[in-house]
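Coordinate analysis (summary)
Letter by letter, the chains look like this.
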Amino acid sequence: MSQTEYQSISPADFFYRNREIAGFSNPSRATYTAVRELVENSMDACEAQRVPPEVYLRITEVDDHRDTETKIYKLRIEDNGTGVPSEHIPQTFCQVFYGSKYILKQARGTFGLGGTMAVLYGQITTHKPVQVISSTGGEIHEFTMMIDIQNNRASILKHIIRQNPSGWRGTALELQMEGDYSRIMYRLIEYLKQTAMVNPYADLTYVDPRGRLYKFERGTEKLPPLPQSVKPHPHGVDVETFRRLIAATKTRNMKGFMMEHFQGVGPTTAEKFLDLADVSTKANPKTLSPEDIVKAVRATREYTGFKRPDASCLSPIGEELLETGIKKELNLTEEDYIKVVTRKPSTYLGFPFVVEAAVATGRTVRKTHGAGMTIYRFANRIPLLFDESSGVVWKAANKNINWKTYNVESDTSLVIAVHICSTKIPYKSVGKEYMADQPEVEKEVTNAIREAARGVRRYFNRRFRIAREHRRLNIFGKFLPVIAEFSSKLAEQEIPDIEPLLAVVSTDIPEVEKKLKEVPEIVEDTSK
Amino acid sequence: MEQSLTGLGNLIYEQITNHEFPWIHMQSRSTDNIMYDPEERQYVLGPRMIRRHSRNIRHIRPFTQLVWTAWFAKELVMHRKTSTLREVYYSARGHRDIEYNNQQESDNIITDMEVALNRAREDFHIFPEERSAIFGDLTIEYTVPGYEGRRTNLTDHPDGVMIGPAVTSSEFVETSADKVLVVEKGAMFTRLVEERAHDKFNAILIHTAGQSPRATRGIINRLNQDYDLPVYIFTDGDPWGIHIAMVIISGSANAAHLRGLTTPDAEWIGVWGTDIIDYKLPTEPLTEFDHKRLRELKNDPRYTGDIWQRELDVFLKLEQKAELEAFSRYGLTYIVDEYLPAKLGS
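1. Quick notes on the overall build of chain A
Along its length, chain A carries 15 helices and 14 strands. Burial status across chain A gives 42% buried among its 528 residues. A separation of at least 24 residues holds for 73% of the contacts in chain A among residues at least 6 apart in sequence.

What follows is the structure, given as structure tokens:
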């Protein structure tokens, strides 16, 4: 007879057993995901510090005499960000669900999972420790650690403190992991390139396992404004959040509670809302019954008087920076056209979001991307490279827009880049590869692309006009010599110089035309 | 002729050397500038002029084609060669940037040149495809290269002589005929020759092969003007036959810019609507198309004369038409023995 055994597992243990849901499903994908998580953490750290990021990434092959495609790689990443205070270093890198991002503002990471997952994956595939060196400007702390998976905490093997005479600030991390570079090389470089596209103020340096150096240099020193941390919007709250706020509140009545803990709620709104929820304004939050809590949360969905969610927690890239980034990474020239649009903030399910779209076309685009449409997708400045056709951007660009309206044919070379920033990106999975088609998001994405496409239509119209003008000039260049040749043959003269006439048409000065004298008709004796 | 072409070349050459975009003035050929002149008894071009200007993006191609065509014509004239409309079209093809899309374009440019230089294309040695013929006692002297001074009498060949560039450009030396008889069909022409109608009526016979070519109309005009010969036209008794006669008499709108192609005193002698009744001719009913055409002709300014209006009304009333061959019901020679003497006598 067997007995069913019950046991609880730690979060680290859970992800150890289910690593595919975090994007570590196979050696090549794991290589990609590890790089991605670490680069994103570095970028966030730099932006928090308000310095233009300088991120250095190196992947080297560790020779273990294996003759398979799966190899051991050493992964090193360095940044010039805030640095992690020494007391937080062990948890930050060796404890799942520990982080600085559990607040309501836009950041690349959200789950406090990615960086640690890279460390965890490295450890379980190579059984090697991770090395973290970090400084917030003072002493430099160097940790060598492993994850105690069963207990979801760090076990520190070594901790060295060094002097920091040059005042270095930032973080460096080195780990070993099993991976497969050859299969993921293209995507990885594409990821870095697209990261450079939406982070035009960042310097990215990458040395790959074959010793090749990739440099993505910044095109500007300007950073977009730092997002502010905000209180939750009533529309986005659920019963659990509500309950936690009540547990933590110091307010004495529900009116004060609503005003204190939610954004955009003043005395009038609080009273009207509580009236709709059928909860007394004077009730003490701490003594609210579970039924009342459910009633109040339900009422947040029905009440229409709340202000739109505050968008100061968002940090769109901005039209200027996004244009800089795309032009820089796609090598657009004067012969190309790009239109960038940053939409006004909007909301879905109580979460604010901003959509930015860019549409580019032209000769370089045709050369590098060929005919047809190429889509780049970004969420909170992270490039999304997988599952394109499942995402909301693909749907908006391919299903919702009639491109003929914008003079775009099926063989027109077109680059569409869409960036969505939000406190909560509607990802469909923990792997963060594509965004779901929330109706509000879909509508905004569609409108953003449309707005940018209107610029493209103007560009095409202008180009058609220019082409027509060129044809016009060609016509003069084609016929005037023939007129000169045969009229001179008729007149039995040398061929006259037509350059002055061609000069007139190419400069197209209307006054010249006025100077043309009236010429008499051919007068010739017509008698028989 | 060379002079007028050289004149065109000089004009354009000077405009270019004066740093001006070359252009020329010419009468407009659009329908609202074509009007009937009752005094001249033919269509003429009105006073409206157009400029064909090489500065204009829509004009420069036809302008270039016009200059090329003028050069081509000058080559023809200088080398004493003749050409056809079709040949001019093919000569332009493959020739640098002046290609035509179809022959109609080329023909149009040639007409432009006629208007601009006030000359008929035959003067530039450009002829249409010829099918019409002439027969009768008329001695001509050729002027075409290789035949200069050679004479021939147009009775020499029983099939008649084709009215081509050689006949058109020849001098008329002498004739004993005292009238010209024009028929629209080759079969009737052959019948007239066989029945010695030229002797019987002392006539020069011409067949137009349908709507008469300009060269034929020019010959008819010369015979009428130079030798004072009255001209009689004998066509099918239907709107199309009537109009063949009318174009010989009063010209066409297409040739409104040309003179010397009409013979206003020529007479249409049949087949009339009244002939159908008088001779009890076998007939065919008018088609809807015939009907429409007859009504058009009734409102045409060329058809104002009494006889025209009367005959058009008869056809419309009878709802019938008759061909020249209808007289064959009385025997093959009836037309020469009975009908024509009666008509010419009246």
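2. With respect to the overall build of chain B
Each helix and strand in chain B was counted, giving 13 helices and 17 strands. Taken across its 346 residues, chain B has 45% of its residues classed as buried. At a minimum sequence separation of 6, the contacts of chain B that also span at least 24 residues come to 70%.

3. Some words on helix H2 (residues 27–48) of chain A
Residues and elements named next belong to chain A. For H2, which comprises 22 residues, the first-to-last C-alpha distance of 32 Å matches the rise-based estimate of 32 Å (1.5 Å per residue) to within 8%. With 19 of its 22 residues buried, H2 lies for the most part within the structure. Positive phi shows up at arginine 50, right after H2, with a value of about 60°.

4. A look at the packing of helix H2 (residues 60–78) of chain B against helix H4 (residues 103–117) of chain B
All names here are of chain B. Orientation of H2 relative to H4, taken along the N-to-C sense of each, is 75°, at an axis distance of 9 Å. The angle between the axes of H2 and H4 places the two elements in the roughly perpendicular class. Contacts from Pro62, Gln65, Leu66, Thr69 and Ala70 in H2 reach Ile109, Ile110, Asp112 and Met113 in H4.

5. Here we look at unusual backbone geometry
Cis geometry marks the peptide bond from glycine 270 of chain B to valine 271 of chain B, where omega comes out at 5°. Its location among the elements puts valine 271 of chain B in the loop between strand S15 (267–270) and helix H10 (273–278). One non-glycine residue, aspartate 278 of chain A, lies in positive phi territory at about 60°. Mapped onto the fold, aspartate 278 of chain A is located in the loop between helix H8 (267–277) and helix H9 (290–302). Owing to 10 C-beta atoms within 10 Å, aspartate 278 of chain A belongs among the exposed residues under this scheme. Positive phi values are uncommon outside glycine, yet glutamate 319 of chain B reaches one of about 60°. Residue placement: glutamate 319 of chain B occurs in the loop between helix H12 (306–318) and strand S17 (320–321). On the basis of neighbour count, glutamate 319 of chain B is assigned to the exposed category, with 11 C-beta atoms found within 10 Å.

6. Re the pairing of strand S2 (residues 71–79) of chain A
Residues and elements named next belong to chain A. By the alternation rule, side chains of S2 split into Lys71, Tyr73, Leu75, Ile77 and Asp79, which are all buried, and Ile72, Lys74, Arg76 and Glu78, of which none is buried. Sheet analysis places strand S1 (residues 54–62) next to S2, joined by seven bridges and oriented antiparallel. By the bridge assignment, threonine 60 is partnered in S2 with lysine 74. Note: S2 against strand S6 (residues 170–179), nine bridges, orientation antiparallel. Across the sheet, glutamate 78 pairs through a bridge with alanine 172, a residue of S6.

7. A short note on the sheet that holds S15 of chain B
As a general point, the strands of a sheet are linked pairwise by backbone hydrogen bonds and lie either parallel or antiparallel. Residue and element names in this part refer to chain B. Here six strands make up an open sheet; going across it, the order is S10-S7-S13-S12-S14-S15 and the pairing mixed. Because the sheet does not close on itself, it has two edges, and the strands there are strand S10 (161–162) and S15. By the bridge criterion, three bridges tie strand S7 (residues 133–135) to strand S13 (residues 203–207) in an arrangement that is antiparallel. Paired with alanine 133 across the bridge in S13 is histidine 207.

8. Notes on the interface of chain A and chain B
In this assembly, 28 residues from chain A lie in contact with 39 residues from chain B. The element that contributes the greatest number of residues to the side of chain A that touches chain B is helix H13 (residues 439–491) of chain A, accounting for 14 residues. Split by residue class, the side of chain A that touches chain B holds 16 nonpolar, four polar and eight charged.

9. Things to note about the nonpolar core
Formed by 109 residues in total, the largest nonpolar core has its most connected members in Ala357, Ala358, Val359, Val418, Ile449 and Ala452 of chain A. Sorting elements by how many residues they give to this core places H2 of chain A first, with nine residues. Here this core spans two domains, since at least three of its residues come from each of domain 1 (11–216) and domain 3 (319–461) of chain A. With residues near it in sequence (within four places) discarded, valine 359 of chain A still touches Lys339, Leu414, Ile416, Ile449, Ala452, Ala453 and Val456 of chain A. Counting residues in hydrophobic clusters, the runner-up holds 97 residues, among them Ala484 and Leu490 of chain A together with Ile98 and Ile220 of chain B.

10. Overview of the sheet that holds strand S11 (residues 171–175) of chain B
All names here are of chain B. Strand order in the open sheet formed by three strands is S9-S8-S11, and the pairing between neighbours is antiparallel. Each end of this open sheet is capped by a strand with a single partner; those strands are strand S9 (151–153) and S11. Along the sheet, successive strands turn relative to each other by an average axial angle of 25°, direction set aside. Here strand S8 (residues 138–141) pairs with S11 via four bridges, running antiparallel. The residue of S11 that forms the bridge with leucine 138 is threonine 175.

11. Describing the confidence of the model for chain B
With 99% of its residues at a pLDDT of at least 70, chain B reaches an overall mean of 90. Note on the complex model: pTM 0.62, ipTM 0.81.

12. Regarding H12 of chain B
The terminal C-alpha atoms of H12 of chain B, which comprises 13 residues, lie 18 Å apart, in line with the 18 Å expected from a rise of 1.5 Å per residue. A positive backbone phi angle near 60° is found at glutamate 319 of chain B, which sits one or two residues after H12 of chain B.

13. Here we look at the packing of helix H1 (residues 2–17) of chain B against H2 of chain B
Residue and element names in this part refer to chain B. One can describe the packing of H1 onto H2 by two numbers: an axis separation of 9 Å at closest approach and a directional angle of 145°. Both H1 and H2 take part in a crossing whose hand is left-handed. Of the residues in H2, those touching H1 at Glu2, Leu5, Leu8 and Ile12 are Val67, Ala70, Ala73, Lys74, Val77 and Met78. For the contact of H1 with H2, the class distribution of residues is eight nonpolar, no polar and two charged.

Definitions and cut-offs
Residues numbered from 1 in each chain as written. Chains lettered and ligands numbered in written order. Predicted model: local features only at pLDDT ≥ 70, side-chain atom pairs only at ≥ 80, totals over all residues. Helix = DSSP H or I, 4+ residues; strand = E, 2+ residues; numbered from the N terminus. Buried ≥ 20, exposed ≤ 12 C-beta atoms within 10 Å, placed from the backbone. Contact = placed C-beta atoms within 7 Å. Expected span 1.5 Å × (residues − 1). Axes fitted to C-alpha atoms, helices over the stretch in contact; angles between N-to-C directions. Parallel < 35°, antiparallel > 145°, perpendicular 65-115°, else oblique. Pairing = 2+ DSSP bridges. Nonpolar A, V, L, I, M, F, W, Y, C, P; charged D, E, K, R; others polar. Core = buried A, V, L, I, M, F, W, Y, C linked by C-beta atoms within 7 Å. Domains from an automatic or database assignment. pLDDT = per-residue confidence, 0-100. Left-handed = near helix turned anticlockwise from the far one by under 90°.

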